Amino acid sequence: MQQYVVANWKMFLRRKDAEHLAKHLARHVIESEEALPKVILCPSHPYLIPVHEHIKGSSVSLGAQGCHPQHLGPNTGEVGVQQVKDVNAEYVLIGHSEQRREHTERTNEHIRSLAEMVIEHGMIPILCVGETAEERKKGRAKQAVAKKIQEETPRKFRPGQLLVAYEPAWAIGTDKTPTRKEIEEMHEAIGYELEKLTPNGKLIPVLYGGSVDPKNAEEILRCKGVHGVVVGRHGTKLDNLWAIIKAHNAHEHEENEG
Ligand code: PGA
């Protein structure tokens, strides 16, 4: 299955840093002689256009960190689904825990309709699902994530139109990561739920996100059922991001040899 590295730059970078990173990363990717995972850069909205200028002509893709489900309309301060499409976004992060925290009014249904609108506009939603620290402590991690998958996955889609990311909220920005066993269990549970929803459930890539760094990337990518990673703060420096992309490669080589 296609593997992915999604760099979610959040609100970390100024324009010049985002452009510098995009430009050099695209060059690395173009010059690489090894097969690489699909790399998706998700800058802040105002930098979608300049970042795209630097990556066009490479295999690096552009992702938006979110969008409003409405096509166009009287929504001050929002960026609509058509608008991110217009500036060449191919992917949109949806249901990120930082968005869920800031917009508690957004229901699972809202997230699902957003994912559906993204697909309708020819882009691919990256649906982020995960449990809180409290849910994990109470032994309810799997139920919490299963509920999100059941209620937030678009009703109709074909393989290739959806990515899912398992992102435990307690692992984001904390330098805490789940154990290998915990990651594999959650990915298995997500795969199971996706298969219940659609006969093609097995074909949907499931990424892991939450404190991925150059040191732990290889180990995480080796987990069963993990088809790539979402990288936050450790993906905002060229060397780190490139090391994570290459970690993926090291893991692929081992698989082919073993
Ligand atoms: P982090 O963020 O790598 O900084 O923990 C990951 C994410 O939010 O997807």
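As shown above, the structure is provided for reference.
A short tour of the structure in this document, coming up.

Rules of the game
- Residues numbered from 1 in each chain as written.
- Predicted model: local features only at pLDDT ≥ 70, side-chain atom pairs only at ≥ 80, totals over all residues.
- Heavy atoms only, no water.
- Helix = DSSP H or I, 4+ residues; strand = E, 2+ residues; numbered from the N terminus.
- Rg over C-alpha atoms; globule rule 2.2 N^0.38 Å.
- Buried < 20%, exposed > 50% of the residue type's maximum accessible area, 1.4 Å probe, protein only.
- Contact = heavy atoms within 4.5 Å.
- Areas by Shrake-Rupley, 256 points an atom, 1.4 Å probe, with all protein chains shown as cover.
- Lys, Arg positive; Asp, Glu negative; His and termini not counted.
- Charge placed at Lys NZ, Arg CZ, Asp CG, Glu CD.
- Core = buried A, V, L, I, M, F, W, Y, C linked by side-chain atoms within 4.5 Å.
- Pairing = 2+ DSSP bridges.
- Salt bridge = Lys/Arg side-chain N within 4 Å of Asp/Glu carboxyl O.
- Near = heavy atom within 4 Å.
- Polar contact = N/O pair within 3.5 Å; in protein donor to acceptor, adjacent residues only side chain to side chain.
- Axes fitted to C-alpha atoms, helices over the stretch in contact; angles between N-to-C directions.
- Left-handed = near helix turned anticlockwise from the far one by under 90°.
- Nonpolar A, V, L, I, M, F, W, Y, C, P; charged D, E, K, R; others polar.

1. Observations regarding the overall build of the protein
Item 1. In terms of regular secondary structure, the protein is built from 10 helices and eight strands.
Item 2. At 17 Å, the protein has a C-alpha radius of gyration in line with the 18 Å of a compact globule built from 258 residues.
Item 3. When the backbone C-alpha atoms are referred to their principal axes, the protein occupies close to 55 × 45 × 35 Å.
Item 4. By the burial criterion, 52% of the 258 residues in the protein qualify as buried.
Item 5. Contacts spanning at least 24 positions in sequence make up 70% of the contacts within the protein whose residues lie at least 6 apart.
Item 6. Working note: accessible area of the protein is about 12,700 Å², and carbon and sulfur atoms make up 48% of it.
Item 7. The positive charge centre, built from 34 side chains, and the negative charge centre, built from 36, are 3 Å apart in the protein.

2. Some thoughts on the nonpolar core
Item 1. Judged by nonpolar contacts, the single largest core of 63 residues is most densely connected at W9, L25, L41, V51, V164 and I190.
Item 2. Ignoring any residue separated from it by four or fewer positions in sequence, one finds V51 in contact with W9, A18, A22, L41, P43 and L62.
Item 3. Among the nonpolar cores identified, the runner-up in size contains 13 residues, and I40, L93, I124 and A165 belong to it.

3. Section: the pairing of strand β6 (residues 163-166)
Looking down a regular strand, the side chains alternate between one sheet face and the other.
Item 1. Along β6, one buried face is formed by L163 and A165 and the opposite face, lined by V164 and Y166, is buried too.
Item 2. Both strand β5 (residues 124-129) and β6 contribute to a ladder of four bridges, which runs parallel. Residue pairing in the sheet places V129 in a bridge with Y166 of β6.
Item 3. As judged from the three bridges shared by β6 and strand β7 (residues 206-209), these two strands associate in the parallel manner. Looking at the pairing, Y166 lines up with Y208 of β7.

4. Here we look at the pattern of salt bridges
Item 1. One pass over the structure, following the stated rule, counts 19 salt bridges.
Item 2. Residues E218 and R222 are paired through a salt bridge, measuring 3.0 Å at the closest nitrogen-oxygen approach.
Item 3. We classify E218 as partly exposed; its relative accessible area is 27%.
Item 4. When its relative accessible area of 32% is taken as the criterion, R222 is described as partly exposed.
Item 5. What emerges from the salt-bridge pattern is a single network uniting E131, R136 and E182.

5. Considering the site of the ligand
Item 1. With respect to spatial proximity, 13 residues lie near the ligand, and among them K10, H96, E167, G173 and R233 are the closest.
Item 2. In the model, an oxygen atom of the ligand is placed 2.7 Å from a nitrogen or oxygen of the K10 side chain.

6. Looking at the packing of helix α7 (residues 141-152) against helix α8 (residues 180-197)
Item 1. The geometry of α7 relative to α8 is characterised by a closest axis approach of 10 Å and an angle of 30 degrees between their N-to-C directions. Here the hand of the crossing between α7 and α8 comes out right-handed. Between α7, through A141, K142, V145, A146, I149 and Q150, and α8, the contact on the second element is made entirely by E185, M186, A189, I190, E193, L194, K196 and L197.
Item 2. Along the lines of polarity and charge, the residues of the contact of α7 with α8 split into nine nonpolar, one polar and four charged.

7. Brief notes about the environment of V79
Item 1. Mapped onto the secondary structure, V79 falls in the loop between β3 (61-64) and α3 (81-86).
Item 2. Remark: the alpha-carbon pair of V79 and E151, spanning 72 residues in sequence, is separated by 24 Å.
Item 3. With sequence-adjacent residues up to four places away left out, V79 is seen in contact with H45, C67, H68 and V84.

8. Things to note about unusual backbone geometry
Trans is the common state for peptide bonds, and a negative phi is the common state for residues other than glycine.
Item 1. The phi torsion at K10 lies on the positive side, around 45 degrees, for a residue other than glycine.
Item 2. Locating K10 in the fold gives a position in the loop between β1 (4-8) and α1 (15-31).
Item 3. Exposure remark for K10: the relative accessible area of 14% places this residue in the buried category.

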